[in-house]
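# Fold and contact review
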Amino acid sequence: MDVKYTQETTQVYYFKYMREYRAVAVLWGILTIIWCILTVVAFVQPQWIGDTESSPGYGHFGVYAYCYPTTTTWRYGCKGSFTNFASIPNGAFKAVTLFVGISALLSLICVATLLLFFCFKKVIVFNLCGIMEIISAVLLFLACIIYPSGWDLNTVKDMCGPNSGPYKLGKCGIRWAYILAILGIIDAALLAILAFILASKRTKPDDYSMTGKITRAELYPNYNDTMRSQATIIRPTMMTVPDLGDTYSEYSHISNKKSLINSSFQL
């Protein structure tokens, strides 16, 4: 009885564990897609630093592009392309473009790797994505540290003032794309740790196979046999009425008993 109870309890706890495991895995996949979007947007958008109300110039810088207002249309025109390294102003911005570009590419590959869950073991996919995410986090971290060293450009000084320089932004401000890159570092590191945890916690008992839902037959394998052994069969029984010796009704006996009692009191 104890062995049977232990097996059934193990099956119930394993089912609950697998349900929570799959929920965490789905959440990890959704956060991986969000992290990919953050990284790609931080790479594409030229909004890492930009002008403020007190800055002498106008414009904003990104990883590889510099945008400035044109005098004819008063619209922002951008220079620089990640496909042409010669158009990137200095070596620091070139290194940042390389690091952030590789990080964005790894995030796209990681999202595409999610499709491998249908044809490969989950442990392999989690470990592969975790490695790519940790590499991406390191590259983004290096890019965010190296990026301020490229603020010694003349175009940056024209926009931010003469006090600007390496790791000195002057009168300019940090824009939202730089913040997205910092959030991408934290997100990638946490996702990598979670991927390694999911890969290490993947278990599958040999004596139990999950079908995605638990049924009474899986929870209680011997349910029908137990119920049959414990079932009681009710059979009809014949009851015999004792012969009272007379055919008087029940009420007549009661009345006779009352008359006898009354006569005894009178005596």
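Below, the structure is looked at part by part. (Residues numbered from 1 in each chain as written. Predicted model: local features only at pLDDT ≥ 70, side-chain atom pairs only at ≥ 80, totals over all residues. Heavy atoms only, no water.)

Taken together, the side chains of Ile-131, Ile-134, Ile-135, Val-138, Phe-141, Leu-142, Ile-145, Tyr-167 and Phe-196 define a hydrophobic patch exposed on the protein surface, amounting to about 780 Å² of accessible area. Ranked by the residues each element gives to the nonpolar patch, the list is headed by helix H3 (residues 122–146), at seven residues. For Ile-135, the location among the structural elements is in helix H3. (Patch = residues over 30% accessible without salt bridge, like charges linked within 9 Å, V, L, I, M, F, W, Y side chains within 5 Å. Areas by Shrake-Rupley, 256 points an atom, 1.4 Å probe, with all protein chains shown as cover. Salt bridge = Lys/Arg side-chain N within 4 Å of Asp/Glu carboxyl O. Helix = DSSP H or I, 4+ residues; strand = E, 2+ residues; numbered from the N terminus.)

On to the nonpolar core, then. One finds Trp-28, Trp-48, Phe-61, Tyr-147 and Trp-151 to be the most contacted residues of the largest nonpolar core, which totals 50 residues. At the level of elements, helix H1 (2–44), helix H2 (91–113), H3, helix H4 (154–160) and helix H5 (176–200) are the ones that each hand at least two residues to this core. Top element by residues in this core is H5. It accounts for ten residues. Non-local contacts of Trp-151, meaning those with residues more than four positions away in its chain, are made with Ile-49, Phe-93, Val-156, Ser-164, Gly-165, Pro-166, Tyr-167, Lys-168, Leu-169 and Tyr-178. (Core = buried A, V, L, I, M, F, W, Y, C linked by side-chain atoms within 4.5 Å. Buried < 20%, exposed > 50% of the residue type's maximum accessible area, 1.4 Å probe, protein only. Contact = heavy atoms within 4.5 Å.)

This next bit is on the layout of surface pockets. Approximately 290 Å³ is the volume attributed to the largest pocket. Around the largest pocket, the lining residues are Tyr-21, Arg-22, Ala-25, Val-26, Trp-28, Gly-29, Ile-33, Leu-114, Phe-117, Phe-118, Lys-122 and Phe-126. Counting only elements with at least two residues in the lining of the largest pocket, the list comes to H1 and H3. Ranked by residue count, the leading element in the lining of the largest pocket is H1, at seven residues. Among the residues making up the lining of the largest pocket, the classes are represented as nine nonpolar, one polar and two charged. (1 Å grid on protein atoms, 1.4 Å probe; cavity = no way out; pocket = protein on both sides within 12 Å on 5 of 7 lines; lining within 4 Å. Points joined across faces, edges and corners; volume = space filled by probe spheres on them. Nonpolar A, V, L, I, M, F, W, Y, C, P; charged D, E, K, R; others polar.)

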